[in-house]
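Summary of structural features
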Amino acid sequence: MSIEVSGLTKIYGTQKAVNDITFTAGPGVLGFLGPNGAGKSTTMKILTCFIPQTSGTAKVCGFDVATQSLDVRQHIGYLPESNPLYTDMYVKESLGFVAGIHGIRQPGKRIAEVIEQTGLGPEQHKQISQLSKGYKQRVGLAQAILHNPDVLILDEPTSGLDPNQLISIRQLITDLGKSKTVILSTHIMQEVEAVCNNVVIINRGHLAADDTVKGLRQKYNNQLLEQIFTKITNG
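Residues numbered from 1 in each chain as written. Predicted model: local features only at pLDDT ≥ 70, side-chain atom pairs only at ≥ 80, totals over all residues. Heavy atoms only, no water.

Taking an unreviewed UniProt entry as the reference, the chain is identified by name as ABC transporter ATP-binding protein belonging to Mucilaginibacter hurinus. The record held by UniProt for the chain lists under Sequence similarities (unreviewed entry) the comment "Belongs to the ABC transporter superfamily." (UniProt positions renumbered as here; feature names shortened; annotations may be inferred.)

Before going further, it helps to examine the side chain of glutamate 123. Mapped onto the elements, glutamate 123 comes out in the loop between helix H4 (107–118) and helix H5 (133–145). Residues within four places of glutamate 123 in sequence aside, it is in contact with Val91, Leu131 and Tyr135. (Helix = DSSP H or I, 4+ residues; strand = E, 2+ residues; numbered from the N terminus. Contact = heavy atoms within 4.5 Å.)

Before going further, it helps to examine the sheet that holds strand S7 (residues 151–155). Spatial ordering of the open sheet is given by S6-S7-S8-S3-S9-S10, a layout of 6 strands whose pairing is mixed. Each edge of the open sheet is held by one strand with a lone partner, namely strand S6 (76–79) and strand S10 (206–212). Each strand axis lies, on average, 15 degrees off the axis of its neighbour in the sheet, ignoring direction. Here strand S3 (residues 28–33) pairs with strand S8 (residues 181–185) via 5 bridges, running parallel. Within the sheet, the bridge partner assigned to glycine 28 lies in S8 and is threonine 181. Across the sheet, H5 lies against S6 and S7, angled at about 165 degrees from S6, the strand it touches most. Sheet strands touched by helix H6 (residues 163–176): S3, S7 and S8. Its angle to S8, the strand with the most contacts, is close to 145 degrees. (Pairing = 2+ DSSP bridges. Axes fitted to C-alpha atoms, helices over the stretch in contact; angles between N-to-C directions.)

If you want it as structure tokens, here you go:
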């Protein structure tokens, strides 16, 4: 498995933001769901080595996030919800900067591929500050996949996209999931049903569900995922 989480706990003061959760993820797209404040972003920050866990273990591609963080970072691409960008840079310039950080060979070729993949062609010579929110999301996604990581963690990647952009980015995520492990956090249940193979739901820091999309729907008499999510997280 590309991601192995066991007994993961994160405590802030007296609050358990993540409480003893265990799950695995392999190639494909895993929908990582939960209401606001459930512990999703905290878990993703632990997996990407931004913050340490209080207890438990997490491994990415066999590397421990606590003791082998540099190895983890080489194998992971991350698009956080805040999508921090150097807005004074131009699109192609920013991708060149990221390519340099990763030491990518033939950066021009790889940048061209990623621009094509993410549909940034018409905007590649613009300053990032001039882009719409949707195109800024695409730049963040392009930066996350530029070094061709084995694991992608995407926190609300389709935020701000119009319906046409949604379709193309969902297709890109589906295609990436054919060869990579993708963790997709989103509040859009139709998106999960469209692109995800498996679903993990956390609620108030606890693991509430871990199943395939099909398996979860069968357990709840083929209800829509939105209805199932509401039942699980309001229970």
